[in-house]
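Listed here are the chains, written in short residue letters.
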Amino acid sequence: MPVLFFFFSFRLGHSRGKPHHVAQQLANDNLRLRRKAGQLYFHEHVRHTYRVAELVSRDQTSFPRKTHHGVNGYPRNACGAGGTMMMNTNANPHRTKSKRSRLKRVVAVDLFSGAGGLTRGLLDVGVEVIAGYDIAEECRYPYEYNNKPAVFKEKSVADVSGLELATLYPVNSWRILVGCAPCTPFSKYTQGLDCTANDKWGLLHHFGRIIAELKPDVVSMENVPQLQRHKVYLDFLATLKKHEYEVSVHQVNCLDYGVPQRRTRLVLFASRLGPIKIIPPTHQLEEYLTVQSALRKLPKLKAGEVSSADPLHRSSGLSKTNLRRIKNSKPGGTWRDWPKELVAKCHRKKKGKTYPSVYGRMKWDKPSPTITTQFYGFGNGRFGHPEQNRGISLREGAILQSFPPDYQFVEAGGEYYFKTIGRLIGNAVPVRLGAVVGETIKRHLEQLAVEI
């Protein structure tokens with residue numbers, strides 16, 4: 001730029017005193033040079049801006065393989081909630097259409113949102129979430145308090161229309177629709193039962209109906225693997241294919257993505273924009289998180305106690321008999337390790353002897369069992385604390401579901417009901433799995449931006 005400026009000055013200086021036509025020619029030459037210099041500066045400025053935007057985007061949206069900071073290894077990966085697309089440094093700045101597409105916001109609506117596990121995960125990797133729908137009023141406080149500015153809408157998905165959702169998305173945004181339809185009718189715990197009369201059975205049909213009406217750019221659905229055996233699932237797939245979605249279905253071991261529990265889930269992605277597949281695992285076998293890595297630092301409790309530092313860190317009480325039972329329980333063991341007088345009558349029967357997966361302690365060096373809605377009860381599964389004589393606390397269950405350690409489920413001064421909070425935690429999509437869903441969608445859209 002200094003060289004060009006010197007050249008302008010030189011040419012301008014020599015134009016003085018020249019004949020009119022010569023002076024005019026020099027003036028025209030100078031104008032062309034100024035324009036050329038301006039274009040060079042513009043191109044250099046745009047190239048620099050694109051590079052800076054890309055570096056910022058990479059810094060904010062990177063999905064960590066493994067985190068070693070924060071409380072119990074579960075920090076909020078605060079990447080901002082903007083969701084701005086990463087720019088392509090090789091793009092032509094004059095291609096207005098492709099530039100606009102990169103600047104589209106990535107915005108989601110969460111159906112069957114519950115307390116906000118999936119929403120929290122999406123927010124943690126930079127996907128905006130504008131609303132969560134659920135019929136349970138007790139979801140409102142944890143959803144809105146922990147996931148601002150997302151808004152909770154107490155409404156059955158059966159009563160939601162695509163037109164209603166269309167009004168929520170901002171102009172010039174990628175429309176993302178996610179949800180985990182209630183899995184109770186399809187769970188392994190209800191195998192052999194006729195659940196078709198269950199009100200929750202048809203909710204996946206309504207999910208499909210909304211997709212047909214709204215036609216979002218990308219869809220993700222999470223549920224239990226057993227769902228694939230049912231016609232309602234096949235109907236859902238047919239709806240997606242009818243509306244020209246590219247579909248991929250994955251059976252996900254949550255341990256592969258940093259959730260410290262043995263939990264396998266069905267995760268589906270569908271895109272109208274092109275093929276989409278889940279991101280590779282972030283944790284290998286030797287990196288799996290354990291009960292110890294998740295819970296070791298929490299304050300000690302006795303059965304029935306509440307932590308003075310965290311009211312959610314509370315354990316349910318135990319009867320005298322159950323207190324004796326847990327004292328005789330080994331980490332990773334079963335009720336078969338107890339003295340005969342402590343064995344429940346139902347387990348003494350021939351049929352009962354085949355059910356060892358209750359009244360068990362967790363092991364420090366292993367992942368936890370699948371967190372259910374009744375994880376707080378010692379007799380409801382292998383939910384005994386590894387060394388303290390109690391069942392795990394509500395906070396411990398939430399952390400094993402990868403909720404942040406400060407995630408609030410009850411407003412200040414509110415009542416803590418084990419059954420209600422246990423349902424909110426146990427039914428949630430693990431937050432880390434929600435982050436995997438969000439990162440998969442973002443990378444899919446970023447790849448499209450590169451290819452434009």
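For clarity, every value in this text was computed on a predicted model and none was experimentally measured.

A. Layout of helix α10 (residues 320–327). Of the positions making up α10, those classed as buried are Asn-322, Arg-325 and Ile-326. Projected onto a plane normal to the axis of α10, the buried residues spread over an arc of 95° and lie on a single side. Opposite the packed face of α10, turned more than 90 degrees from it, sit the exposed residues Lys-320 and Lys-327.

B. Representation of the nonpolar core in the model. In this structure, Ile-176 and Phe-409 are the most contacted members of the largest nonpolar core, which totals 62 residues. Breaking this core down by element, the ones donating at least two residues are β1 (105–111), α4 (117–124), β4 (173–179), β7 (264–271), α9 (291–295), α12 (394–400), α13 (418–426) and α14 (431–451). Broken down by element, this core gets its largest block of residues, 8 residues, from α14. Ranked by size, the runner-up nonpolar core spans 30 residues in total, among them Val-109, Leu-111, Val-157 and Leu-177.

C. The arrangement of unusual backbone geometry in detail. Cis peptide bonds are those with omega within 30 degrees of zero, and the linkage from Lys-148 to Pro-149 qualifies with 10°. Note on placement: Pro-149 falls in the loop between α5 (140–146) and β3 (151–154). One non-glycine residue, Phe-112, lies in positive phi territory at about 55°. Residue Phe-112 is classed as buried on the basis of its relative accessible area of 12%. A positive phi angle, close to 55°, is found at Lys-215, a residue other than glycine.

D. Structural view of the side chain of Thr-290. Mapping Thr-290 onto the fold places it in the loop between β7 and α9. Its relative accessible area of 18% is what places Thr-290 among the buried residues. Sequence-distant contacts of Thr-290, that is, excluding residues within four places in its chain, are made with Pro-260, Trp-364, Asp-365, Lys-366 and Pro-367.

E. Focus on the environment of Ile-421. For Ile-421, the location among the structural elements is in helix α13. By relative accessible area, Ile-421 is classed as buried at 2%. Excluding residues that lie within four positions of it along the chain, Ile-421 makes contacts with Leu-312, Leu-394, Phe-409, Val-410 and Tyr-416.

F. Local environment of α4. In terms of burial, α4 is a largely internal element, 8 of the 8 residues being buried. Buried residues of α4: Gly-117, Leu-118, Thr-119, Arg-120, Gly-121, Leu-122, Leu-123 and Asp-124, and no others. The positive-phi residue at the C-terminal boundary of α4 is Gly-126, with phi of around 95°.

G. Quick peek at the pairing of β7. Burial analysis of β7 places 7 of its 8 residues in the buried class, the great majority of the element. Both strand β5 (residues 218–223) and β7 contribute to a ladder of 6 bridges, which runs antiparallel. By the bridge assignment for β7, Met-221 is matched with Leu-268. In terms of strand pairing, strand β6 (residues 246–253) meets β7 through 8 bridges, oriented antiparallel. In the sheet register, Val-247 faces β7, and the bridge partner there is Ala-270.

H. Focus on the environment of Asp-310. With respect to the helices and strands, the residue Asp-310 is situated in the loop between α9 and α10. The spatial distance from the C-alpha of Asp-310 to the C-alpha of Asp-406 is 8.7 Å, given a sequence separation of 96 residues. When neighbours within four sequence positions are excluded, Asp-310 is seen to be in contact with Arg-395 and Pro-405. Engagement of the side chain of Asp-310 in a polar contact is seen with the side chain of Arg-395, the distance being 2.7 Å.

I. Spatial organisation of the pattern of salt bridges. Taken as a whole, this structure holds 13 salt bridges when the rule is applied. We note a salt bridge from Arg-140 to Glu-154, for which the minimum N-O separation is 3.8 Å. Residue Arg-140 is found in helix α5, and its partner Glu-154 is found in strand β3; the two are separated by 14 residues along the sequence. For the salt bridge of Glu-387 with Arg-296, the shortest nitrogen-to-oxygen distance reads 3.4 Å. Here the residue Glu-387 occupies a position in the loop between α11 (345–348) and α12, and Arg-296 occupies one in the loop between α9 and α10, the gap between them amounting to 91 residues.

J. Quick look at the sheet that holds β4. Ordered by their spatial adjacency, 7 strands build an open sheet running β3-β2-β1-β4-β5-β7-β6, and the pairing between neighbours is mixed. Each end of this open sheet is capped by a strand with a single partner; those strands are β3 and β6. Going across the sheet, the axis of each strand differs from the next one's by a mean of 15°, ignoring polarity. As paired elements, β4 and β5 share 4 bridges and run parallel to each other.

K. Layout of the confidence of the model for the protein. Here the protein shows a mean pLDDT of 80. Residues at 70 or above account for 69%. Low pLDDT, under 50, characterises residues 186–195; the predicted model gives this stretch 17 contacts beyond four residues in sequence or across chains.

L. Expanded view of the packing of helix α7 (residues 203–214) against helix α8 (residues 231–242). In the contact formed by α7 and α8, the axes pass within 9 Å of each other and the chain directions differ by 5°. With respect to α8, the axis of α7 lies roughly parallel. Note on element contacts: α8 touches α7 through Val-232, Tyr-233, Asp-235, Phe-236, Thr-239 and Leu-240, opposite Leu-204, His-205, Phe-207, Gly-208, Ile-211 and Ala-212. In terms of residue class, the contact of α7 with α8 is made up of 8 nonpolar, 3 polar and 1 charged.

M. Just the packing of aromatic side chains, in detail. Scanning all chains against the criterion turns up 10 aromatic pairs. Between Tyr-141 and Tyr-145 the ring centres are 5.2 Å apart and the planes differ by 20°, which places this aromatic pair in the stacked class. On the criterion of helical spacing, the pair formed by Tyr-141 and Tyr-145 is a turn pair, its members being 4 residues apart in helix α5. Relative to Tyr-407, the ring of Phe-403 has its centre 4.7 Å away and its plane inclined at 50°; by these criteria the two rings are tilted. On the basis of relative accessibility, which here comes to 0%, the residue Phe-403 falls in the buried class. An aromatic cluster is built from Phe-112, Phe-207 and Phe-236, whose rings are joined through pairwise contacts. One Lys or Arg, Arg-272, reaches over the ring of Tyr-245 and ends 5.7 Å from the middle of that ring. In this arrangement the basic side chain of Arg-296 is found over the ring face of Trp-364, its NZ or CZ atom lying 4.2 Å from the centre.

Definitions and cut-offs
- Residues numbered from 1 in each chain as written.
- Predicted model: local features only at pLDDT ≥ 70, side-chain atom pairs only at ≥ 80, totals over all residues.
- Heavy atoms only, no water.
- Buried < 20%, exposed > 50% of the residue type's maximum accessible area, 1.4 Å probe, protein only.
- Helix = DSSP H or I, 4+ residues; strand = E, 2+ residues; numbered from the N terminus.
- Arc of directions from axis to C-beta.
- Core = buried A, V, L, I, M, F, W, Y, C linked by side-chain atoms within 4.5 Å.
- Contact = heavy atoms within 4.5 Å.
- Pairing = 2+ DSSP bridges.
- Polar contact = N/O pair within 3.5 Å; in protein donor to acceptor, adjacent residues only side chain to side chain.
- Salt bridge = Lys/Arg side-chain N within 4 Å of Asp/Glu carboxyl O.
- Axes fitted to C-alpha atoms, helices over the stretch in contact; angles between N-to-C directions.
- pLDDT = per-residue confidence, 0-100.
- Parallel < 35°, antiparallel > 145°, perpendicular 65-115°, else oblique.
- Nonpolar A, V, L, I, M, F, W, Y, C, P; charged D, E, K, R; others polar.
- Phe/Tyr/Trp six-rings, centres within 6.5 Å; stacked < 30°, edge-to-face > 60°.
- Lys NZ or Arg CZ within 6 Å of the ring centre and 35° of its normal.

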